[in-house]
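Structural features, examined
Residues per chain, in single letters:
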Amino acid sequence: MLNNTCSLKVNGAKESTREGKSLPRTAHHRHPGGKKQPVLRLLFWETTTGCNLECAHCRRLDVSQRLAKSDLTTEEGLAFIDALTATQKPILVFSGGEPLMRPDIFELAAYAIGRGLIVALATNGTLVTDQIAAKIKSVGIDRVSISIDGENAETHDGFRRLPGSFDRALEGIAYLRAHDVPVQINSTVAKHNDDQLPGIYDLAIDVGAIALHLFMLVPVGCGVQIADSVMLSAERQEEVLHWFYDKSKEKALQMKATCAPHYYRIMRQRAQAEGTKIDRSTHGMAVLTKGCLAGTSVCFVSHKGQVFPCGYLPVEAGNVRHQPFGEIWENASLFETLRRPELLKGKCGVCEYIKVCGGCRARAYGEVGDLLEEEPYCIYQPPIQISKTLDN
Ligand code: SF4
Ligand code: SF4
């Protein structure tokens, strides 16, 4: 399964240059032709659709217990890394499916690291043994994110549809910690576990994780089938994100609300109400990023080489099997559209938080088939919209 696609941060401060300078919120570099190009900060590569679990909320409907014949081959993967590093140096996250099912995963990771990339691994954790953890460490993978969707086995295993997967994930974490590999916990938040968030938070601290990323379910893939029964209402998401803001102030973990762009509005509203300024010293790395990064500083490459703005927005920008990655990133009209917030419609289009939030383009697309429409799970009414409504 792929999880938390829009913002796996690697060692927190690694959302910065290798010289340690912070990346500006909308970093660009200038192309030799003179055109400004956004800097790709994070690329998720779905290395395979093969997975040993069948999670209820997976973005894919077609996961299989085996590697897919259509997965990029080792040769194609190495060529993709060459093309990527020829133009961009993002943090590269190997995801899936379950990336540890690929026998060449460490060869690919070592190659990418050798080409100067920071590499992370997004896994369900159940295949991490002592040997695998040692290999992850020796290859130089920077961080491993493991999905935990409940405070206990009953909830997690129910959602992951495999008895024992909770215990095996915790074992995997223990092996990684024993080998001193930084671990991030990813949790998909929905009705099955929203009352367990305090327990998941405590669990993350207990197992020695350095980060907790909460992911608001996006109704795509399997998520569509379960959306009505498990999606949190916009009001409940608001409550969860306020809780998240309060917990982040404890600074016990690096906390990130992922694919919940409106968190960046809530963070500013809360800080303003508290009379707190927003900067690195008060709000950490959250001030350096923004809500939806799809197509602006994040993208997703599928197991077949298709390039998408993120793993939850099924609109294709190109395919690395047929075109160099840099050409797609720099020139795809889809990406050019996503880089123009002034095109957003509905209340997002008139919202004063447009530049720090922007709403989830995938949820808008899933709801009404238009990726520029307003985020359907935000309760905020921008003042301009309210005054327009009163005028009519
Ligand atoms: S479109 Fe939605 S799911 Fe995709 S990166 Fe943006 S917030 Fe996340
Ligand atoms: S209206 Fe749109 S841009 Fe404004 S806070 Fe809500 S989701 Fe974000």
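Residues numbered from 1 in each chain as written. Chains lettered and ligands numbered in written order. Predicted model: local features only at pLDDT ≥ 70, side-chain atom pairs only at ≥ 80, totals over all residues.

**Some points on the overall build of the chain**
When its secondary structure is counted, the chain shows 15 helices and 12 strands. Every one of the 392 residues in the chain was classed for burial, and the buried ones make up 50%. (Helix = DSSP H or I, 4+ residues; strand = E, 2+ residues; numbered from the N terminus. Buried ≥ 20, exposed ≤ 12 C-beta atoms within 10 Å, placed from the backbone.)

**Observations concerning the pairing of strand S8 (residues 211-216)**
Of all the six residues making up S8, six are buried; the element is thus mostly covered by neighbouring parts of the structure. The side-chain alternation of S8 yields two buried faces, one formed by Ala211, His213 and Phe215 and the other by Leu212, Leu214 and Met216. Note that strand S7 (residues 183-189) and S8 share six bridges and pair parallel. Residue pairing across strands places Ser187 opposite Leu214, the latter belonging to S8. (Pairing = 2+ DSSP bridges.)

**Brief notes about helix H9 (residues 263-274)**
Taking 1.5 Å per residue, 12 residues should reach 16 Å; H9 reaches 16 Å between its end C-alpha atoms and fits that length. Along H9, the residues classified as buried are Tyr263, Tyr264, Arg265, Ile266 and Met267. In this structure, the buried residues of H9 make contact with helix H8 (234-248), strand S9 (254-258) and helix H10 (280-283). Backbone geometry just after H9 places Gly275 at a positive phi near 70 degrees. (Expected span 1.5 Å × (residues − 1). Contact = placed C-beta atoms within 7 Å.)

**Considerations on the pairing of strand S10 (residues 298-301)**
Neither face of S10 is open: one carries Val298 and Phe300, the other Cys299 and Val301, and all of them are buried. With four bridges connecting them, strand S3 (residues 42-46) and S10 associate as parallel partners. Its bridge partner lying in S10, Trp45 is registered against Val301. Pairing between S10 and strand S11 (residues 306-308): two bridges, direction antiparallel. Bridging across to S11, Phe300 finds its partner in Phe308. Taking the residues between adjacent antiparallel strands as the criterion, S10 and S11 are bridged by four residues, where Gly305 takes a positive phi near 95 degrees.

**Considerations on helix H14 (residues 361-368)**
Summarising burial for H14: six of the eight residues are buried, a large majority. Residues of H14 that are buried include every one of Arg361, Ala362, Arg363, Ala364, Tyr365 and Gly366, and no others. If you follow the buried residues of H14, they end up packed against helix H12 (333-338).

**Here we look at the nonpolar core**
Counting residues in hydrophobic clusters, the biggest one holds 103 residues, and the most contacted among them are Leu43, Leu92, Val93, Phe94 and Val119. Broken down by element, the residue count for this core peaks at five residues, all from S8. (Core = buried A, V, L, I, M, F, W, Y, C linked by C-beta atoms within 7 Å.)

**Remarks on the environment of Ala252**
Secondary-structure assignment places Ala252 in the loop between H8 and S9. Ala252 sits 51 residues away from Tyr201 along the chain, and the two C-alpha atoms are 9.5 Å apart.

**Some details on the sheet that holds strand S6 (residues 143-147)**
Read from one edge to the other, the open sheet built from 10 strands follows the order S9-S8-S7-S6-S5-S4-S3-S10-S11-S12, with strand pairing classed as mixed. Two strands in the sheet have a free side with no partner beyond their single neighbour: S9 and strand S12 (318-319). Here helix H5 (residues 165-178) sits on the sheet and contacts S6 and S7; the angle it forms with S6, its principal contact strand, is near 165 degrees. (Axes fitted to C-alpha atoms, helices over the stretch in contact; angles between N-to-C directions.)

**Let's talk about the packing of helix H4 (residues 153-160) against H5**
The geometry of H4 relative to H5 is characterised by a closest axis approach of 8 Å and an angle of 105 degrees between their N-to-C directions. Classed by the angle they form, the pair H4 and H5 counts as roughly perpendicular. For the pair H4 and H5, contact is made by Ala153, His156, Asp157 and Arg160 and by Ser165, Phe166 and Asp167, respectively. Among the residues forming the contact of H4 with H5, the class breakdown is two nonpolar, two polar and three charged. (Parallel < 35°, antiparallel > 145°, perpendicular 65-115°, else oblique. Nonpolar A, V, L, I, M, F, W, Y, C, P; charged D, E, K, R; others polar.)

**Side note on the site of ligand 2**
In the vicinity of ligand 2 lie 16 residues, with Cys348, Cys351, Cys357, Gly359 and Cys378 positioned nearest. Split by residue class, the shell around ligand 2 holds nine nonpolar, three polar and four charged. (Near = placed C-beta within 6 Å.)

**Some words on the packing of H8 against H9**
Where H8 meets H9, the axes come as close as 10 Å, and the angle between the chain directions of the two elements is 60 degrees. By the angle between their axes, H8 is oblique relative to H9. For H8 against H9, the interelement crossing comes out right-handed. Contacts between H8 and H9 involve Leu241, His242, Phe244 and Tyr245 from the first element and Tyr263, Ile266, Met267 and Arg270 from the second. For the contact of H8 with H9, a count of residues per class yields six nonpolar, one polar and one charged. (Left-handed = near helix turned anticlockwise from the far one by under 90°.)

**Some thoughts on unusual backbone geometry**
Gly96 connects to Gly97 through a cis peptide bond whose omega is 20 degrees. Mapping Gly97 onto the fold places it in the loop between strand S4 (91-95) and helix H2 (105-114). A positive phi is found at Asp180, a non-glycine position, where the angle reads about 65 degrees. If you trace the backbone, Asp180 turns up in the loop between H5 and S7. Assessed through the 8 C-beta atoms surrounding it within 10 Å, Asp180 is described here as exposed. Residue Cys259 is not a glycine yet carries a positive backbone phi of 55 degrees. Assignment of secondary structure puts Cys259 in the loop between S9 and H9.

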